[in-house]
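Chain by chain, the residues:
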Amino acid sequence: MKNAIGSRVDLNNRDIEYTSEFLSYIEDLLEHSYVKKLKRVDQHKGTTRFQHCINVSYYSYRIALVIGADPQKSARAGLLHDLFWYDWHCKKTPQLHAYFHPRLALKNARKITSLSFEEEDAIINHMWPLSFGFPKTRVSYAVTFADKYSAALEVGYNWGSFFGRKLSGILWNH
Ligand SMILES: [Fe+2]
Ligand SMILES: [Fe+2]
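Cut-offs used in this document
- Along each chain, residues carry numbers from 1 onward, in the same order as the chain's sequence is written.
- Written order determines the labels here, with chains lettered from A and ligands numbered from 1.
- For a predicted model such as this one, the threshold for reporting local features is a pLDDT of at least 70, and the threshold for listing and counting side-chain atom pairs is 80 or more; totals across whole chains, interfaces and linings nevertheless cover every residue.
- By definition, a nonpolar core groups buried Ala, Val, Leu, Ile, Met, Phe, Trp, Tyr and Cys residues that connect through C-beta atoms lying within 7 Å of each other.
- Here a residue counts as buried when 20 or more other C-beta atoms fall within 10 Å of its C-beta, as exposed when 12 or fewer do, and as partly exposed in between; the C-beta atoms come from the backbone.
- Only DSSP runs of H or I with at least four residues qualify as helices, and only runs of E with at least two residues qualify as strands; both kinds are numbered from the N terminus onward.
- Note on contacts: each residue gets a C-beta atom placed from the backbone, and two residues are in contact if those atoms are within 7 Å.
- To get an axis, fit a line to the C-alpha atoms, keeping to the stretch in contact for a helix; angles then go from 0 to 180 degrees between the N-to-C directions.
- Reported orientations rely on four angle classes, namely roughly parallel under 35 degrees, roughly antiparallel over 145, roughly perpendicular from 65 to 115, and oblique for the rest.
- It is the rotation of the near helix from the far one that decides the hand of a crossing: anticlockwise by less than a right angle makes it left-handed, clockwise makes it right-handed.
- Lys, Arg, Asp and Glu make up the charged group, whereas Ala, Val, Leu, Ile, Met, Phe, Trp, Tyr, Cys and Pro make up the nonpolar group; the residues left over, Gly among them, are polar.
- A helix is expected to span 1.5 Å for every residue after the first.

## Describing the nonpolar core
Okay, step 1: Residues Leu-79, Leu-80, Ala-105, Ile-123, Val-139, Ala-142 and Val-143 are the most contacted members of the largest nonpolar core, which totals 33 residues.
Okay, step 2: Counting only elements with at least two residues in this core, the list comes to helix H1 (19-30), helix H3 (49-67), helix H4 (71-80), helix H5 (97-112), helix H6 (117-124) and helix H7 (138-173).
Okay, step 3: With nine residues, the single largest contributor to this core is H3.
Okay, step 4: Residues contacting Ala-105, with those up to four places away along its chain left out, are Leu-80, His-81, Asp-82, Leu-83, Phe-84 and Ile-123.

Laid out in structure tokens, this is it:
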């Protein structure tokens, strides 16, 4: 883990502003096998679900500091919001994936840590407005916006590197 996609903050350097506080909130979860297993799952074609969850955790934390949400709960809910291991790009993806996977993530998250009401609501409603409920707390808003921001960055990053490779191939070969 080096940094959240789109951020230049090196998460291995605890001297950097934000980094040590952010890591102190999530380091117990990072050691758990449930979270480590996310490294083997693809999230946005080229970004692992582990990296996606780091991105959402970090941006949730930063957004929380701005909007006055609890930064620790935001960082933890962000890390756990997609805690499931099936590949949603494949044919066996459950029907109503947008409805189903937050509930599965919550069920898995409850097995590895105790969760506050804010954290549970943030996980369940992170797909808002595609969720079947509204975010009820500031933590939930931090996570749902961080999720969309991260997804956009990940897709942009992967397309950018895809077209970058194509372009450099064309320039190199001609
Ligand atoms: Fe999700
Ligand atoms: Fe997500």
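## Things to note about the packing of H1 against H4
Between two packed helices, the angle of one axis relative to the other and the distance separating the axes together describe the packing.
Okay, step 1: Where H1 contacts H4, the axes come no closer than 9 Å and their chain directions differ by 40°. Considering the angle they form, H1 stands oblique to H4. Two packed elements cross with a definite hand, and for H1 against H4 that hand is right-handed. Two secondary-structure elements touch here, H1 through Phe-22, Tyr-25, Ile-26 and Leu-29 and H4 through Gln-72, Ala-75, Arg-76, Leu-79 and Leu-80.
Okay, step 2: Tallied by class, the residues present in the contact of H1 with H4 amount to seven nonpolar, one polar and one charged.

## Overview of H3
Okay, step 1: End to end, H3 covers 26 Å across 19 residues, agreeing with the expected 27 Å (1.5 Å per residue, within 8%).
Okay, step 2: The element H3 is largely enclosed, with a buried count of 16 among its 19 residues.
Okay, step 3: Where H3 ends, the next residue or the one after it, Gly-68, has phi of about 80°, a positive value.

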